[in-house]
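Each chain is listed here by its residues.
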Amino acid sequence: MDRVTKGNLILAFFAVFIGVVGVRLQEFILITLALLVSAFLVIQRSKSGVFPATITLLFLFPEASFGNLYGFDTHSPVIIAREVLNNGWPVSGIELSWGYVGTPLMHIHTAVASVLLNLPIVPTSGSKLLISAFLPIIYAASTFLFIFVLARRYTSTKVASIVPVLCWVAFYTWKVPFSRQALGIFFFVASVLCVHRLLDSPNRRNIVLFSLVTTSLILTHHLSSAIFGVYLGIVVLSGFITSRPDISARFRVPTILYVLIFILWFVLSGFQDEFVLIGASVLRGMTVSTSSIFPAWLTQHGISYSQTFSIKKIYAIWAYQIVLATPILAIALLQFRKRELNPRTTIALLFGGVIASLSVIASLTPTLDVPRLMTFFVVAAGWYAISAWGDVGDIVNYISAKQVVTVAVVSCIVLGAVMIPLFEVSSSQPNYYDGQKDEKLGDDALKMTSWVGSFVSEPIYGDALVQEIVIPFTQQPVESGFENLVQEQPEGTVVLAERNNYVYFGHYEGSTVIIDSSPVMNKTHTMSKPYTNGGYDIYQNTTPN
């Protein structure tokens, strides 16, 4: 081991130590220092820089608090996984949840892991390590590993090629919480790897791996499997575009079989209704002006996003995609002019175009979160984009390929840093008025749901956070009902979270809207408060027996 390698390893271990300590203490300076050391090592093309960055970023958002759940969407999946553990699959008796029971692979895997490791699925008062908090970290780390395998096999940049997914903040906000998409993105990347292996060699081993992995994807997550169906179609199309009929012939039958299995499974499991609703939302959003259908109470109390929100949530994410898409487009044009269009370049270019189009539609309609969609392009083609930047550098005479790749890597790091909310790397509070929300949930949420389940049977009102928690645990409906809450005498039981002192996140016409909560807070003094635990307050017009 040479002197430089030893020095890099020492720096890497130092970065891991201060990164973990910084995350646990929520110290901005320590977290920043750990990530800067990691960035320095990666720019130097040292593999040792990837490890501290991965550890720090994976634990940054949930804060390594494995005794509690991270993410508002996690409560439904843990209830379903617990039901699978207790009564097996198929699941019955859970009518109200956001965790779809028709894609059971993650729920089954969680139940099996819970038995083998003797770890609980649902939080308990003892704050014991949760298998449902630990597994998503394993899924995410495995996803990174498979992307590194792709980069190592098919690019010359290798270490630098892992940077786009490491710095993509939406990956951590969507794929680290316990949800089907956490395992879904792993199988999506594994399926992409299988496609590239089949492009190299259509032997029996690769065909069997492709079949197993893609079937697992269908059984894990509907959106990830649907996007991969589009990816397969693009692979077939790339054979025609690049005059490689062997590629089209090789993937034609697997693509048809995949689509048939996908449709058959979701029809049998009843999920086709969800796709119809998504399609209807798109059509409605394209034909109806959202502002015109908002009632007076929403237009009066609506909160507009600041310039900071626009930079973090709009400009930064699109700039990130441009950094990744530009070299792919440039290399594709160059190869096209030379009539040497590469299938991998074509696949990356077409898939990027599809995701960009879907992202534009999603930004105009109340359907899917735009960064969530963009994540598929980042994991499927981000590693190839960095290598493409190197190819661009080989063409340009006045700058080296290494310098071009360095600029691209630094751009990803800077844009990623811009996208990280300040409250995630410090002890500051989220800026609720910009749509920020701290998704680290403690014991107070579980205690609140227990009280509601035991004492409340009348109509329940609460914002989006309360709905995500109360509905799956109590199997009782919860309405946003802001129009009810601003009445002189609100009806039913009103559950307010700590963040409702600032804003109220409510659902309206398929969208989540942010409303000034002061009209609600002004009414609570006229109601009784039979329950409070510091994080949640429950108000009623009459105290239950």
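Residues numbered from 1 in each chain as written. Predicted model: local features only at pLDDT ≥ 70, side-chain atom pairs only at ≥ 80, totals over all residues. Heavy atoms only, no water.

### Focus: the nonpolar core
Consideration 1: Of all hydrophobic cores here, the largest spans 119 residues; its most connected members are Phe 188, Phe 228 and Phe 351.
Consideration 2: By residue number, the principal contributor to this core is helix α18 (residues 370-395), which donates 16 residues.
Consideration 3: Aside from chain neighbours lying at most four places away, what touches Phe 351 is Phe 188, Ile 227, Tyr 231, Ile 234, Phe 376, Phe 377 and Ala 380. (Core = buried A, V, L, I, M, F, W, Y, C linked by side-chain atoms within 4.5 Å. Buried < 20%, exposed > 50% of the residue type's maximum accessible area, 1.4 Å probe, protein only. Helix = DSSP H or I, 4+ residues; strand = E, 2+ residues; numbered from the N terminus. Contact = heavy atoms within 4.5 Å.)

### A short note on the packing of helix α9 (residues 180-200) against α18
Pairs of packed helices are described in terms of their axes, by the angle between the two and the distance that separates them.
Consideration 1: In contact at an axis separation of 11 Å, α9 and α18 are set at 35° when each is read in the N-to-C sense. Here the hand of the crossing between α9 and α18 comes out right-handed. In this structure, α9 contributes Gln 181, Ile 185, Phe 188, Val 189, Val 192 and His 196 to the contact, and α18 contributes Arg 372, Thr 375, Phe 376, Val 379, Ala 380 and Trp 383.
Consideration 2: The residue makeup of the contact of α9 with α18, split by class, is eight nonpolar, three polar and one charged. (Axes fitted to C-alpha atoms, helices over the stretch in contact; angles between N-to-C directions. Left-handed = near helix turned anticlockwise from the far one by under 90°. Nonpolar A, V, L, I, M, F, W, Y, C, P; charged D, E, K, R; others polar.)

### Notes on the pattern of salt bridges
Consideration 1: According to the stated counting rule, one finds four salt bridges in the structure shown.
Consideration 2: The closest approach of N and O atoms between Arg 344 and Asp 200, which form a salt bridge, is 2.9 Å. Here Asp 200 lies in helix α9 and Arg 344 lies in helix α17 (residues 343-364), a separation of 144 residues in the sequence.
Consideration 3: By relative accessible area, Arg 344 is classed as buried at 16%.
Consideration 4: Arg 244 serves as the salt-bridge partner of Asp 246, at 3.0 Å between the closest nitrogen and oxygen.
Consideration 5: Note on Asp 246: relative accessible area 31%, which makes it partly exposed.
Consideration 6: Through salt bridges that share partners, Arg 244, Asp 246 and Arg 250 make up one connected network. (Salt bridge = Lys/Arg side-chain N within 4 Å of Asp/Glu carboxyl O.)

### Let's talk about the environment of Asn 501
Consideration 1: For Asn 501, the location among the structural elements is in the loop between β3 (493-497) and β4 (503-508).
Consideration 2: Once the C-alpha coordinates of Asn 501 and Ser 517 are considered, the two residues, 16 residues apart in sequence, prove to be 6.6 Å apart.
Consideration 3: In this structure the side chain of Asn 501 is engaged in a polar contact, spanning 3.0 Å, whose partner is the backbone oxygen of Glu 498. (Polar contact = N/O pair within 3.5 Å; in protein donor to acceptor, adjacent residues only side chain to side chain.)

### Re the confidence of the model for the protein chain
Consideration 1: Looking at the protein chain as a whole, the pLDDT averages 82, with 86% of positions reaching at least 70.
Consideration 2: Low pLDDT (under 50) marks residues 272-294, which in the prediction has 25 contacts with non-local residues, meaning those over four places away or in another chain. (pLDDT = per-residue confidence, 0-100.)

### Focus: the pairing of β3
Consideration 1: A large share of β3 lies buried, amounting to five of its five residues.
Consideration 2: Here β3 shows two buried faces, one formed by Thr 493, Val 495 and Ala 497 and the other by Val 494 and Leu 496.
Consideration 3: Relative to β3, strand β1 (residues 460-461) runs parallel, the two being bridged by two bridges. Paired with Tyr 461 across the strands is Val 494, a residue of β3. (Pairing = 2+ DSSP bridges.)

### Description of the environment of Leu 219
Consideration 1: Take Leu 219: it is sitting in the loop between α10 (204-218) and α11 (222-241).
Consideration 2: In sequence terms Leu 219 and Met 106 are 113 residues apart; their C-alpha atoms lie 8.5 Å from each other.

### Things to note about a nonpolar patch on the surface
Consideration 1: Among the surface-exposed residues, Trp 89, Ile 108, Val 112, Leu 116 and Leu 117 lie close enough to one another that they form a single nonpolar patch of about 480 Å² accessible area.
Consideration 2: Note on Val 112: relative accessible area 43%, which makes it partly exposed. (Patch = residues over 30% accessible without salt bridge, like charges linked within 9 Å, V, L, I, M, F, W, Y side chains within 5 Å. Areas by Shrake-Rupley, 256 points an atom, 1.4 Å probe, with all protein chains shown as cover.)

### Focus on α11
Consideration 1: Look at α11: 29 Å from first C-alpha to last across 20 residues, which is about the 28 Å you get at 1.5 Å a residue.
Consideration 2: Within α11, 14 of the 20 residues are buried, which leaves the element mostly enclosed by the surrounding structure. (Expected span 1.5 Å × (residues − 1).)

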